[in-house]
Amino acid sequence: VYSLYELNQYIKQVIALNFVDSVWISCEISQINTSRGHCYLDVVEKDEMTDQIKAKMSAVIWYRDYSFITKKLGALSEKILQDGMMVKLKVELDFHERFGMKLVVKDIDPSYTYGQLAIQREKIIERLRKEGRMDLNDGLLLPTVVQHCAVISSNTAAGYQDLLAHLENNEYGYAFECDLFPAAMQGQRTEMEVVAQLREIKASGKYQTVIITRGGGSKLDLSAFDSYNIAKEISEMDIPVITGIGHDIDLSIADMVAAISLKTPTAVANFLIDHNASFEQKLYDFSINIKLATQEKFR
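So, a few notes on the structure that sits alongside this text. (Residues numbered from 1 in each chain as written. Predicted model: local features only at pLDDT ≥ 70, side-chain atom pairs only at ≥ 80, totals over all residues. Heavy atoms only, no water.)

Some remarks on the packing of helix H5 (residues 158-168) against helix H10 (residues 265-297)
Part 1 of the argument: Put simply, H5 and H10 touch, their axes get as near as 8 Å, and they point 25 degrees apart. By the angle class used here, H5 and H10 are roughly parallel. Taken as a pair, H5 and H10 cross one another with a handedness that is right-handed. Contacts from Gly-159, Asp-162, Leu-163, His-166 and Leu-167 of H5 reach H10 at Pro-265, Thr-266, Val-268, Ala-269, Asn-270, Leu-272 and Ile-273. (Axes fitted to C-alpha atoms, helices over the stretch in contact; angles between N-to-C directions. Helix = DSSP H or I, 4+ residues; strand = E, 2+ residues; numbered from the N terminus. Parallel < 35°, antiparallel > 145°, perpendicular 65-115°, else oblique. Left-handed = near helix turned anticlockwise from the far one by under 90°. Contact = heavy atoms within 4.5 Å.)

Below you can see the structure in the form of structure tokens.
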């Protein structure tokens, strides 16, 4: 009969003999926090069909390795090391007789995270196409004159302030009423908060359009808008959605399902001003034509 300590010692020896070198693993971060310069994670693997967790383990990035990784990745480290991100980690297996098994993370491959985001994005686009959602909002037309807008953004976002400044200081003196529906514009809370605000705007029934806007950012910053739930909610809106999410190259999925997609918040403001100016020009042209027709009639 072995004691528990003896059994755990044996397990430790088996692991040490069979995992001499570090190994690369792919997994999802389910929970993460930092303390005293160390980073503690729970990592999981989920079933692709059911999304149920089929494997789970604790991991740690000790101070020295955490410092190395953050310096290597720069600003990307905060964006990759967060709940819900798919990651490729270089790990050592560590087994302690008292504290059990954990993974000691030595390095991170950021290219894997980008690749997984791209794969997930294509799956979402294909699902939206099969459900016939890609063009639903695109079929809605803006009213002839736009004045009442619901804006989903962060109240501290530079893009939101740019949008308001351009609308308020337009050269024609048009009045726009823009009500802010605040939401996180990056990170794990974005999907939940944007979906909730879209539903609230729809329920109110008092707006002519919805503007979703933020400033620029990296692909990881903007990946929150490659969300099935946000796209689904946009497709079910009964008013046109305009996006000005702030990226010049790639369209997010939110851009693809929205009625109108523009590159920046400033471009959104200019579009609305030009839209209203076009109607005013038509009215002016009509008045000139009526005046000329009347003069011709009574000549």
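Some thoughts on the sheet that holds strand S8 (residues 209-213)
Part 1 of the argument: Strand order in the open sheet formed by 5 strands is S7-S6-S8-S9-S10, and the pairing between neighbours is parallel. Where the open sheet ends on each side, the last strands, each with one partner, are strand S7 (177-182) and strand S10 (260-261).
Part 2 of the argument: Contacting strand S6 (148-153), S7 and S8, H5 runs over the sheet at an angle of about 135 degrees to S8.
Part 3 of the argument: Sheet contacts for helix H6 (residues 189-204): S6, S7 and S8; angle to S6, the most-contacted strand, approximately 165 degrees. (Pairing = 2+ DSSP bridges.)

Details of the pairing of strand S3 (residues 53-61)
Part 1 of the argument: The sheet contact formed by strand S2 (residues 38-46) and S3 spans 8 bridges and is antiparallel. Bridging from a neighbouring strand, Val-43 pairs with Met-57 of S3.
Part 2 of the argument: Hairpin connection between S2 and S3: a loop of 6 residues separates the two successive antiparallel strands, and Asp-51 in this loop has a positive phi of roughly 65 degrees.
Part 3 of the argument: Here 2 bridges tie S3 to strand S5 (residues 100-108), and the two strands are oriented parallel to one another. What sits directly across from Val-60, in S5, is Val-104.

A word on the state of the cysteines
Defined simply, a disulfide is a covalent bond joining two cysteines at their sulfur atoms.
Part 1 of the argument: Here the structure, examined in full by the defined rule, presents 0 disulfides.
Part 2 of the argument: Cysteine Cys-39 shares no disulfide, and the gap to the nearest cysteine sulfur, in Cys-27, comes to 12 Å.
Part 3 of the argument: No disulfide involves Cys-149; its sulfur sits 4.4 Å from the nearest other cysteine sulfur, which is in Cys-178. (Disulfide = S-S within 2.5 Å.)

Here's the deal with the pattern of salt bridges
Part 1 of the argument: By the definition in use, this model includes 14 salt bridges.
Part 2 of the argument: Two residues, Lys-72 and Asp-107, come together in a salt bridge whose shortest N-O distance is 2.8 Å. Taken together, the positions of Lys-72 in helix H2 (residues 63-73) and Asp-107 in strand S5 put the pair 35 residues apart, joining distant regions of the chain.
Part 3 of the argument: By relative accessible area, which is 14% here, Asp-107 ends up buried.
Part 4 of the argument: Where Asp-226 meets Arg-121, a salt bridge forms, and the shortest distance between an N and an O atom there is 3.0 Å. (Salt bridge = Lys/Arg side-chain N within 4 Å of Asp/Glu carboxyl O. Buried < 20%, exposed > 50% of the residue type's maximum accessible area, 1.4 Å probe, protein only.)

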